[in-house]
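Here is what each chain is made of, one letter per residue.
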Amino acid sequence: MQPRTFRAPGRVNLIGEHTDYNLGFVLPIALDLATYVETRPSPDGLIHVFSEEQQESYSWNPAETATLQPRRQWTDYVAGVAVQLALHGVDLPPLHLNIRSEVPTGSGLSSSAALEVSTALALLQGRDFPPLELARLCQRAEIDFVGMPCGIMDQFVSVFGQSNAAIKIDCRSLDYQAVTLPPDPRIIAVNSLVKHELGASAYRIRVAECATAVEALQRRFPEIRSLRDATPAQVETTDMPAVVKRRARHIVTENERVGRFVEAAANQDAPAMGALFLASHESMRDDYEISCEEIDFLVSAAAETDGCYGARMTGGGFGGCTVNLVEARAVPFFNETVRNRYASRFGINPFIFQCVPGPGAAEIRNIS
Ligand code: GLA
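Only a predicted model underlies this, so the values are computations on that prediction, with no experimental measurement involved. (Residues numbered from 1 in each chain as written. Predicted model: local features only at pLDDT ≥ 70, side-chain atom pairs only at ≥ 80, totals over all residues. Heavy atoms only, no water.)

Draft legend 1. How the structure looks around helix α3 (residues 131–146). Compared with an ideal rise of 1.5 Å per residue, which puts 16 residues at 22 Å, α3 spans 21 Å between its outermost C-alpha atoms and is within 8% of the ideal. Buried within α3 we find L134, A135, L137, C138, Q139, A141, E142, F145 and V146. On its buried face, α3 sits against α1 (75–87), α2 (111–124) and α4 (153–160). One or two residues past the end of α3 sits G147, with phi positive at roughly 85 degrees. (Helix = DSSP H or I, 4+ residues; strand = E, 2+ residues; numbered from the N terminus. Expected span 1.5 Å × (residues − 1). Buried < 20%, exposed > 50% of the residue type's maximum accessible area, 1.4 Å probe, protein only. Contact = heavy atoms within 4.5 Å.)

Draft legend 2. Here's a closer look at unusual backbone geometry. Between D184 and the following residue, P185, the backbone shows a cis peptide bond with an omega angle of 10 degrees. For S110, which is not glycine, the phi dihedral falls at a positive 65 degrees. The residue S110 is located in the loop between β6 (95–101) and α2 in this model. Looking at S110, the relative accessible area reads 8%, which means it is buried. Of note in this structure, E289 is not a glycine but carries a positive phi near 50 degrees. Tracing the sequence through the fold places E289 in the loop between α8 (270–287) and α9 (293–303). Here E289 falls in the partly exposed class, since its relative accessible area comes to 33%.

Draft legend 3. Seen up close, the site of the ligand. As a matter of local geometry, the ligand sits amid R11, E17, H18, D20, Y21, C150, G151, M153, D154, Y203, G315 and G316. Here an oxygen atom of the ligand and a side-chain polar atom of R11 are 3.0 Å apart. Within the backbone of G151, a nitrogen or oxygen atom sits 2.9 Å from an oxygen atom of the ligand. When the ligand sits alone it has 310 Å² of accessible area, and the protein chains cover 94% of it. A class-by-class count of the residues in the shell around the ligand yields four nonpolar, four polar and four charged. Two domains share the shell around the ligand, each providing at least three of its residues, namely domain 1 (4–180 + 358–364) and domain 2 (186–354). (Near = heavy atom within 4 Å. Polar contact = N/O pair within 3.5 Å; in protein donor to acceptor, adjacent residues only side chain to side chain. Areas by Shrake-Rupley, 256 points an atom, 1.4 Å probe, with all protein chains shown as cover. Nonpolar A, V, L, I, M, F, W, Y, C, P; charged D, E, K, R; others polar. Domains from an automatic or database assignment.)

Here you go:
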């Protein structure tokens, strides 16, 4: 049995933040940064997983996969996927898995989905598995085993990503469409290199607040099943606690912004695309309250820089990356200006890179 390598990308979400678990719309791109899992046979009958980043390994007997328990570490993403595959009746073979990732952790670029999806493909060893089921299974692993009540966006785009296009996902029907982006502006990510610990617990609270908003709306509009179904006017005119109303306002306006952004991209209207980015950021900052000082600084610095059409935080929140729309000819100036301003304010040299939409997860065929 030859070694095999499976790859799954991270992502940048262009717009549609926290809308996925409200069954709305999102517009991510799969990145050319990915997680790679190399597999080879394991003669001792066990599954051995080694993480190059952690320099740590984890082993178990595949026959006992169903009994694995969370350990609150990186291994939970791997074990969670294995457990889900076992629940789906997949017989897991004894294997060595070597994990190497280019997706920085804690940066809002979805290193967890990249790890889950690449692990699932590695454990499947090329066996047929419907791609949508694969994405859902990885999401389930994260919800049930890692304990993070996430939506479907990250795993979906890691599976279905395409070169040269963003993916607009309807998180209720799980239909998607490829959205071609104009070649100019460029999509530039700025990694703040900060991640505030609040992240996971604040995420759970937001999920619960959205459920509370739906309950309030349902009393007046019984047809509303999720915030996806509500209009801004319905949110504004329904009685609910002020904080809950702000959360709901972000979701319903953000859903609309996704549609408007896709339209602006089709019209190659960079100023309109940029304005929607800024509106999305303000909504996350003021209504959803998931930004932080460093990210707000990066967004303002970007917006003040010549050639930048707009900027916003991307991902779950409380740090990570901003995503910026920058006129191609202004990119070097933008990078330098934002880097210098961030470094002199926070003493951190941010990691800045251009996002190029890449393909979804697959086995890498070795050319022999
Ligand atoms: C995290 C979750 C996603 C999504 C984003 C916010 O990345 O895993 O499901 O909710 O946050 O848009």
